[in-house]
Amino acid sequence: MPEIFQAVCFLPDTPGSRPCRVALESGGMLIEAAQGPNVRWPYPAIACEPGGDEFDWVFVACPDAKPGIARLALRNPEAIASLAARVGGPAHDVLAGFEQRRQRHARRGQRGLVAGLVAAAVLVAAGWLFLTRLAPDLVAGTIPPASERLIGQAAAAQLLAGEQTIDAGPAADAVRAIATRLVAAIEANPGYEFDVRLVKSDLVNAAALPGGTLVVYSGLLAEAGSADEVAGVLAHEICHVLHRDSLRQLIGRVGSGALLALVLGGGDLAALAAQAGELDRLAYGRDQERAADRGGVALLARAGLPPHALPAFFERLQARDAGRLPEFLSTHPDTAARIAELRELATATPVPAPRPLAIDWEAVRGSLD
Ligand SMILES: [Zn+2]
């Protein structure tokens, strides 16, 4: 097993990552960064956390060390095993579990693996850029959801620029109440903080931005027959956030060239945010839509709301204007089959504790005129 290996490290207050040489010495690791400082981290003071969308990175930091190198990103299994043999406690468990985590996620197939590598690179770069430049106090937090959140906030600012938002009144209260009910029912939230913005618009649409910002267009409320139907759409969108679909779309849009620039430190946050601003017009893949549908039905049931509301709304939209379907219907060539599948699923999904929403839907619709 190697005593010396190459890795990637991040310096505080310096954009981008850089290569470094790591030597595992007795008592600690010596890190020599290209055009940067040499630092020594004692093994007992090392902290590790799994990273990357497919758990194929380990991030190593030494909170007690003198500043010089903020963190190290490892993905060489031999190097990780060597380090695991030298550290104890929770850091050891993270390192020792690397291979198992990686294999479990690699089995999802080549496509997922490639997306994961790209996502890992973006998260390493974006997380670092955002956290060090904009919110240094968040460094201690859970980096992937936190950096996604910041990307999402930049995207929301871009998306809402020039739009008139509805911030008070029956419609704003209703979407907030619906979102609050659904978010409270999420089974395993890895740290996303959801918020919902209502835009005054004739568009019948809703969008999920990375990190948990949900954007609802008031045309969707005007079209929905009940608060439950809006809850169905929001449950679907919340699942896109939890499945990181919009983040993946952003990665696809930023492209490998821009991505490489970002990883190497020349990336442009404004360009990233501009790409993110188009997230309301994204088309997800069919598998992503199906997963968001299924997750949405389960989330409705856990929230005490009728799962049939989701296919009911889809059906209403399909009947209304088949030629101009919003994102949540457009990527399914066979919308009728999708609705039938959802109806079957909704019938098979019990609602253990029904709790109807206390929303006067006619008042909400009336407030939009
Ligand atoms: Zn969708």
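The structure under discussion appears in the preceding block.
Every residue gets a number counted from 1 within its own chain, in the order that chain's sequence is written. Note on the predicted model: pLDDT of at least 70 is required for a residue's local features to be given, and 80 or more for side-chain atom pairs to be given and counted; whole-chain, interface and lining totals, by contrast, use all residues.

*Asks:* Mind showing me how you'd approach the overall build of the chain here?
*Replies:* A count of helices and strands for the chain gives 15 helices and 10 strands. Out of the 369 residues in the chain, the part that is buried amounts to 45%. For the chain, contacts bridging at least 24 residues in sequence account for 66% of all contacts bridging at least 6. In this description a helix means any DSSP run of H or I spanning at least four residues, a strand means any run of E spanning at least two, and both kinds are numbered starting from the N terminus. Exposure in this text rests on C-beta crowding, where 20 or more other C-beta atoms within 10 Å of a residue's own make it buried, 12 or fewer make it exposed, and counts in between make it partly exposed. The C-beta atoms are placed from the backbone. For the purpose of contact definition, each residue receives a C-beta atom placed from its backbone, and two residues are in contact when these atoms lie within 7 Å.

*Asks:* Help me understand helix H6 (residues 170–184), please; the structure alone is not making it clear to me.
*Replies:* Since the α-helix packs 3.6 residues into each turn, any two residues three or four apart lie on the same face. Helix span is expected to be 1.5 Å times the residue number reduced by one. An ideal rise of 1.5 Å per residue puts 21 Å on 15 residues; H6 measures up with 21 Å between its terminal C-alpha atoms. Burial in H6 covers these residues: Ala171, Ala174, Val175, Ile178, Ala179, Arg181, Leu182 and Val183. Buried residues along H6 sit against strand E8 (195–199), strand E10 (213–217), helix H7 (218–223), helix H8 (227–242), helix H11 (286–302) and helix H15 (361–367).

*Asks:* Just checking my understanding: could you explain the nonpolar core for this structure?
*Replies:* Among soluble globular proteins, nonpolar side chains are generally buried collectively. Core analysis: the largest hydrophobic core is formed by 53 residues, its most contacted members being Leu182, Val230, Ala231, Leu234, Ile238 and Leu300. Here this core gets 10 residues from one element, more than from any other, and that element is H8. The contact partners of Leu182, leaving out residues within four places of it in the chain, are Ala231, Leu234, Ala235, Ile238, Leu299 and Ala303. What makes a nonpolar core is a set of buried Ala, Val, Leu, Ile, Met, Phe, Trp, Tyr and Cys residues, with links drawn between C-beta atoms within 7 Å. The next biggest cluster of nonpolar side chains, apart from the first, holds 33 residues, and it includes Ala33, Ala61, Ala73 and Leu83.

*Asks:* Explain the environment of Ala291 here, please?
*Replies:* With respect to the element layout, Ala291 can be found in helix H11. Distance in space between the C-alpha atoms of Ala291 and His243 is 8.4 Å, their sequence separation being 48 residues. With residues near it in sequence (within four places) discarded, Ala291 still touches Cys239 and His243.

*Asks:* Would you mind showing me how to read the packing of helix H12 (residues 309–320) against helix H14 (residues 335–347) here?
*Replies:* Packed helices, taken two at a time, are described by the angle between their axes plus the distance between the axes. Axis definition: a line fitted to C-alpha atoms, limited for helices to the stretch in contact. Angles are taken between N-to-C directions and run from 0 to 180 degrees. For the pair H12 and H14, interaxial distance at closest approach is 9 Å and the crossing angle is 160°. The angle between the axes of H12 and H14 places the two elements in the roughly antiparallel class. Between H12 and H14 lies a crossing of left-handed hand. Together, Leu310, Pro311, Phe314, Glu315 and Gln318 of H12 and Thr335, Ile339, Leu342, Arg343 and Ala346 of H14 make up the contact between the two elements. Under the grouping applied here, Gly and all other residues not named as nonpolar or charged are polar, the nonpolar ones being Ala, Val, Leu, Ile, Met, Phe, Trp, Tyr, Cys and Pro and the charged ones Asp, Glu, Lys and Arg. Taken together, the residues of the contact of H12 with H14 sort by class into six nonpolar, two polar and two charged. Throughout this description, any angle smaller than 35 degrees is read as roughly parallel, any larger than 145 degrees as roughly antiparallel, any in the 65 to 115 degree range as roughly perpendicular, and the remainder as oblique. Here a crossing is called left-handed whenever its near helix is offset anticlockwise from the far helix by less than a right angle, and right-handed whenever the offset is clockwise.

*Asks:* Would you explain unusual backbone geometry in this entry?
*Replies:* Generally, phi is negative for residues other than glycine and the peptide bonds are trans, each holding for most cases. Within the chain, Arg244 stands out as a residue other than glycine whose phi angle is a positive 60°. Secondary-structure assignment places Arg244 in the loop between H8 and helix H9 (245–264). With 23 C-beta atoms counted inside 10 Å, the residue Arg244 sits in the buried group.

*Asks:* When you look at the sheet that holds E10 in this model, what are you seeing that I'm missing?
*Replies:* In any sheet, the strands associate via hydrogen bonds between backbone groups, in a parallel or an antiparallel arrangement. What the three strands build is an open sheet, ordered E8-E10-E9; its pairing is mixed. Each of the sheet's edge strands pairs with one partner strand only, and the pair in question is E8 and strand E9 (206–208). Neighbour-to-neighbour, the strand axes of the sheet open up by a mean angle of 15°, direction not taken into account. Only when DSSP finds a minimum of two bridges between them are two strands counted as paired. Where E8 lies against E10, five bridges are found, and the strand directions are parallel. Paired with Asp195 across the strands is Thr213, a residue of E10.

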